[in-house]
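The chain contents come next:
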Amino acid sequence: MAGTEGVTADVASTAAYASPARSLGDPGITPLSPSHIAKDSDANDAEEQSYPVVVAIDFGTTSSGYAYSFTKEPECIHVMRRWEGGDPGVSNQKTPTTILLTPERKFHSFGYAARDFYHDLDPNESKHWLYFEKFKMKLHTTGNLNLETDLAAANGKKVKALELFSYALQYFKEQALKELSDQDSGFENSEVRWVITVPAIWKQPAKQFMRQAAYKAGMASPENPEQLIIALEPEAASIYCRKLRLHQMIDLSSKGPVNGYNPSETIATGFTPAKEHIRRNRQSRTFMVENVIGEIWSELEEGDRYIVVDSGGGTVDVTVHQIRLPEGHLKELYKATGGPHGSLGVDYEFERLLCKIFGEDFIEQFKIKRPAAWVDLMIAFESRKRAAAPDRTNPLNITLPFSFIDYYKKFRGHSVEHALRKSNVDFVKWSSQGMLRMSPDAMNALFKPTIDEIIQHLSDLFEKPEVTNVKFLFLVGGFAEAPLLQQAIQNAFGSKCRIIIPQDVGLTILKGAVLFGLDPAVIKVRRSPLTYGVGVLNRYVEGKHPAEKLLVKDGTRWCTDVFDKFISADQSVALGETVSRSYTPAKPSQLVIVINIYSSEHDHVSFITEPGVKKCGTLRLDLTGTDTTAPSRREIKTLMQFGDTEIKAMAIDVATSKSVKAGIDFLNY
């Protein structure tokens, strides 16, 4: 853009606080040229440091795990050791996302170990211990997440979320470093590039929160942020799906006609050999990722579109990607969507069913008074939940803990059996072995609300113009193992595209995250989730600007609170793309220049005072002590770099090369 004198005068600009110029007597800055330059980032000199190993952590709502790969043999992905105390019948390589703190609030244990220890405590003692599970969802559901946000333990006591998350990450850090050191004498944290996965639909504050927790856990530091990559879960899955060979996946659409679709056959042919294979390789647990594009991928051509549906414990995350050849880089076509439709929804329906049978008042009391027994009951439900299938005919039995039966009798004065008879819930019966006996229909009904939400969400997405002509739908994540979900997706969308499920579907994200850490540039174009800009002063134009924004300073009429846009929500941004603007102080003697950065979910923003506009960063350039005989029009260059999962901002005084950097900060404003 040519910066004509007329344009320059019109877009004079400064950064300021809520109603900046008024409150601070800030004379503001005017642009030298309203240039909008995009360039590839050569500024990433710090990122060139190489790390001999990449460790990815999939921190899930219900289960978590880590995997790693040495840079010198990137085709081998090692999934963490078998955890102590796994559940019978669940042969996965992840551990439950559960944490136990001592009554003094010190870290005690994580995963199965935390669960088993908590379970073995005497009920009078256990109520003093702090047990947490499924706490990751809080980051998604908290509107104003900040560093002070609390989480409640099973006994109701509160702990700072940041503390809890950093305990968990520190635990994984220690486990991974220990495992690496056993293979290769002494591994230092500084030799590891860490990758932590988060749902793509998380808002920016939650992503930043994860980074803060990782710094607190000592994985990386604000001085060396490149050591930690925050990866988006469906992107990681997408990267892994490119490597799939035909024998590593189940193509639901190749199973004959949809109505003749037999899920047990899918499970039998697809998952059993995979499990066997994993079991045989239990000791090595090394997965070979051939350094080729997988067969399925070779069917994709330039411009082809595919969807990744990542259905986990807490959220369902959907991304739409397009292939860019020759290297097969990925381009994000539509901003990540999704919602809290994870398999936890099924647990929630089970809890509602129990409330219906035994009374909400009893269930609430039971959870508080016998927290460990409640955890047991949910574990018993979890293993039966995994046995649900569309064609199942025999009932599912769920063992009620003895203390449930006992406490119910004390609480109500009659038996559990009596409650079931009285409750007129048809599909649930009492068996003499002390179990709830659920008909398959009753179990399927618990899945229905969550699956309906997922199908509805995908149907809405398929209506969008960017989502036409999709070739494949990859179904990944822990909940993708559920035959009921597989069948529902196949029935709803099998005619639109091919539905593919990787075999070790629960580990897809973990392996993809390792691949992403080895080559972060594989995703070339993302969609900005927010609109970003700075707060500025413009020359006041009668009739164009509202009267209440008029400010007269030294004879010049300014319009305050103007939002000067750098990038719009849902705009495509290339990896490392930098947008730059040049400003000059309106008053030459001004030595402290403050530029405030704002964000909004809306595309069209005119003023920083509009609803939904949030301050998310400040660049404060202090030029005192520099040569004030610099050119009368001092040039201050402001840069914002997009495209990574985080955003960086910088202001430079061109005459003195003095610069200041800031990360965009959503937690402290």
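What comes next concerns the included structure. Remember, it's a predicted structure, so these values are computed and weren't measured experimentally.

Moving on: the sheet that holds strand β29 (residues 592-600). Pairing is antiparallel in the open sheet, where five strands are placed in the order β25-β26-β24-β29-β30. A single partner strand is all that each edge strand has here, and the edge strands are β25 (550-553) and β30 (614-622). Taking each pair of neighbouring strands and ignoring which way they run, the sheet shows an average axis angle of 35°. Sheet topology places β29 next to β30; eight bridges connect them, and they run antiparallel. For N596, the partnering residue across the bridge sits in β30 and is T618.

We now examine the packing of aromatic side chains. For any pair of aromatic rings, the description consists of the separation of the ring centres together with the inter-plane angle of the planes. Inspection of every chain in the model, using the stated rule, returns 29 aromatic pairs. Ring geometry for Y118 against Y131: centres 4.3 Å apart, planes inclined by 0°, an arrangement best described as stacked. Here Y118 is found in helix α3 (residues 112-120), whereas its partner Y131 is found in strand β8 (residues 130-133), with 13 residues between them in sequence. Overall, Y118 belongs to the buried group, its relative accessible area being 1%.

What follows deals with the nonpolar core. Of all hydrophobic cores here, the largest spans 145 residues; its most connected members are F165, I307, F358 and I489. Considering each element in turn, this core owes the most residues, 12 residues, to helix α6 (residues 161-183). Apart from the residues lying within four places of it in its own chain, the contact partners of I489 are I454, I455, L458, L473, L475, G494 and I499. One finds V562, I567, I593 and A651 within the second-largest nonpolar core, a separate group that totals 30 residues.

Further remarks concern unusual backbone geometry. Of note, the phi angle at N469 is positive, near 55°, even though the residue is not glycine. Looking at the secondary structure, you find N469 in the loop between α16 (440-462) and β21 (470-476). At S657, a residue that is not glycine, the phi angle is positive and equals roughly 60°. By the secondary structure assignment, S657 is in the loop between β32 (648-653) and β33 (658-663).

Analysis parameters
- Residues numbered from 1 in each chain as written.
- Predicted model: local features only at pLDDT ≥ 70, side-chain atom pairs only at ≥ 80, totals over all residues.
- Heavy atoms only, no water.
- Pairing = 2+ DSSP bridges.
- Helix = DSSP H or I, 4+ residues; strand = E, 2+ residues; numbered from the N terminus.
- Axes fitted to C-alpha atoms, helices over the stretch in contact; angles between N-to-C directions.
- Phe/Tyr/Trp six-rings, centres within 6.5 Å; stacked < 30°, edge-to-face > 60°.
- Buried < 20%, exposed > 50% of the residue type's maximum accessible area, 1.4 Å probe, protein only.
- Core = buried A, V, L, I, M, F, W, Y, C linked by side-chain atoms within 4.5 Å.
- Contact = heavy atoms within 4.5 Å.

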